[in-house]
Amino acid sequence: MLFAGDLLFVQHVPVLDGSVRGWLKTIEDLARIPATSVVPGHGGVSDWPDALAAERTYLQRLESDCRDLIKRGMPLAQAADIAGTSQKSNWELFDEYNKRNATAAYSELEWE
Amino acid sequence: MLSIGRVVGLIALAVALSSTAAQRPLAAESSDPWPDLVRDVFAGRQLADGTGLIAIDMPPRAEDAGIVPVTLSAIIPPGDKRVPVAFTLIIDMNPAPVAATFKVGPGVTTISTRVRVNDYTNVHAVAELSDGQLYVVSTFVKASGGCSAPMAKNPEEATANLGQMRFRQFAGSSPGYEAQIMIRHPNNSGLQRDQITHLYIPLFIVRELRLWQGDQLLLEMQGGISISEDPNFRFSYRPNGAATFRAEAIDTEGHVFRGEWPAQPAG
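We now turn to the structure provided with this report. Quick caveat: nothing in here was measured; it's all calculated off a predicted structure.

1. So, the overall build of chain A
Part 1 of the reasoning: Counting its regular elements, chain A contains four helices and three strands.
Part 2 of the reasoning: Ordered by position in the sequence, the α and β elements of chain A form the string β-α-β-β-α-α-α.
Part 3 of the reasoning: Against the globule reference of 13 Å for 112 residues, chain A gives a C-alpha radius of gyration of 14 Å, in line with a compact fold.
Part 4 of the reasoning: With the principal axes as the frame, chain A shows a C-alpha extent of 45 × 25 × 20 Å.
Part 5 of the reasoning: A total of 112 residues make up chain A; the buried ones form 40% of that total.
Part 6 of the reasoning: Look at the contacts in chain A between residues 6 or more apart in sequence, and 69% of them connect residues 24 or more apart.

2. What about helix H4 (residues 94-109) of chain A?
Residue and element names in this part refer to chain A.
Part 1 of the reasoning: Between its terminal C-alpha atoms H4 stretches 21 Å, which fits the 22 Å expected from 16 residues at 1.5 Å a residue.
Part 2 of the reasoning: Buried residues of H4: Asn98, Lys99, Asn101, Ala102, Thr103, Ala104, Ala105, Tyr106, Ser107, Glu108 and Leu109, and no others.
Part 3 of the reasoning: Those residues of H4 hidden inside the fold are in contact with helix H1 (20-31), helix H2 (52-71) and helix H3 (76-82).

3. Side note on the environment of Met1 of chain A
Part 1 of the reasoning: Take Met1 of chain A: it is sitting in the segment before strand E1 (2-9).
Part 2 of the reasoning: Note: C-alpha distance between Met1 of chain A and Glu92 of chain A (91 residues apart in sequence) is 25 Å.

4. What about the sheet that holds strand E7 (residues 121-129) of chain B?
Within a sheet, adjacent strands bond to each other through the backbone by hydrogen bonds, running parallel or antiparallel.
Residue and element names in this part refer to chain B.
Part 1 of the reasoning: The nine strands are arranged E1-E8-E7-E4-E5-E12-E11-E14-E15 in an open sheet whose pairing can be described as mixed. A strand with exactly one partner marks an edge of an open sheet, and here the two such strands are strand E1 (47-49) and strand E15 (256-262). Averaged over all pairs of adjacent strands, the angle between strand axes in this sheet comes to 20°, irrespective of strand direction.
Part 2 of the reasoning: Pairing of strand E4 (residues 84-91) with strand E5 (residues 98-104) involves five bridges; the strand directions are antiparallel. What sits directly across from Leu89, in E5, is Ala100.
Part 3 of the reasoning: Each of E1, E4, E5, E7 and strand E8 (134-141) touches helix H2 (residues 34-42); the most contacted strand, E4, lies at about 140° to it.

5. Structural notes on the packing of H2 of chain A against H4 of chain A
Residues and elements named next belong to chain A.
Part 1 of the reasoning: The geometry of H2 relative to H4 is characterised by a closest axis approach of 9 Å and an angle of 60° between their N-to-C directions. Here H2 is positioned oblique relative to H4, judged by the angle of their axes. The interaxial crossing formed by H2 with H4 has right-handed handedness. Contact with H2, carried on its side by Leu62, Glu63, Cys66, Arg67 and Ile70, involves Asn101, Ala102, Ala105, Tyr106 and Leu109 of H4 and no other residues of that element.
Part 2 of the reasoning: Partitioning the contact of H2 with H4 into residue classes produces seven nonpolar, one polar and two charged.

So, how was this worked out
Residues numbered from 1 in each chain as written. Chains lettered and ligands numbered in written order. Predicted model: local features only at pLDDT ≥ 70, side-chain atom pairs only at ≥ 80, totals over all residues. Helix = DSSP H or I, 4+ residues; strand = E, 2+ residues; numbered from the N terminus. Rg over C-alpha atoms; globule rule 2.2 N^0.38 Å. Buried ≥ 20, exposed ≤ 12 C-beta atoms within 10 Å, placed from the backbone. Contact = placed C-beta atoms within 7 Å. Expected span 1.5 Å × (residues − 1). Pairing = 2+ DSSP bridges. Axes fitted to C-alpha atoms, helices over the stretch in contact; angles between N-to-C directions. Parallel < 35°, antiparallel > 145°, perpendicular 65-115°, else oblique. Left-handed = near helix turned anticlockwise from the far one by under 90°. Nonpolar A, V, L, I, M, F, W, Y, C, P; charged D, E, K, R; others polar.

That is the geometry; function is a separate question.
Encoded structure:
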């Protein structure tokens, strides 16, 4: 049984409080931890490492959307309305946190 | 059993409490910092209503109080020959309300940046137009704790990249030409705490930034603590045919940062 803290969100949309690239890298490290189930920071006890998949998909999409919007020259204010929104149906509390996540990811990635 | 004296006392207390409550809205009104700000920042100069001439665009509720996008624009109607000369951005309830002042060159009619917003507040945009008059518009933003929000980047990374600049041009973008200047700087507000020691991180901000198109000053910014980490300014401008853009920034510790970039061919 792995206790993942807020490195793992299940059902509740992940809340990005730092680096999106750093989190994605950490997910790969976490995935190697041998365990059969996990207690996430948010959401119910889940199978491990399957429970990582949704979070990984969301953060990857957020990252690739932001990279694309930055490349196209879209300003932050507009980009935050768009990035990651294709993932909405997979998560709860999406509208509460996605723009904030997109803002953080965009301001990190525009320095790549 | 309550004695008569205690009952009277309780009633008096209740009356006192209710009258305090009734006065609260009045007290809040009289603590509006704007009249004092007008006096202090603009030396009491008359501020005319800028509706229809200038605009401020900010989300009504901040998603991240430490990075709130804001756009100041001149929206002067066609035929009106006035142009903006300067913009001042004031976040009324922030500990240091003047977020930035900008002097602007040819074609700089829009400036976007990102700011820290500490509390529910009016945000005022004041523009000086070429008629010498000051014009004001405002918006209301709900946010909390932006000025003390922890740094997004770790301090070692911020130190290693200190003063790195980037410049992007968005040639031909709507409504005309736009450019963006970014500087790597923690812009510590003095109100943030170190996440490990919990001690306050001293104030450390970019206080001046100048950007030239050839020899022509295009943008001059004097910044305060409300400008977000890694200061970032995107603005419209009119190309003047110069071959290069050049920037210089100075921070509160006297570091001078410089950058120079070729102008993209107009087109």
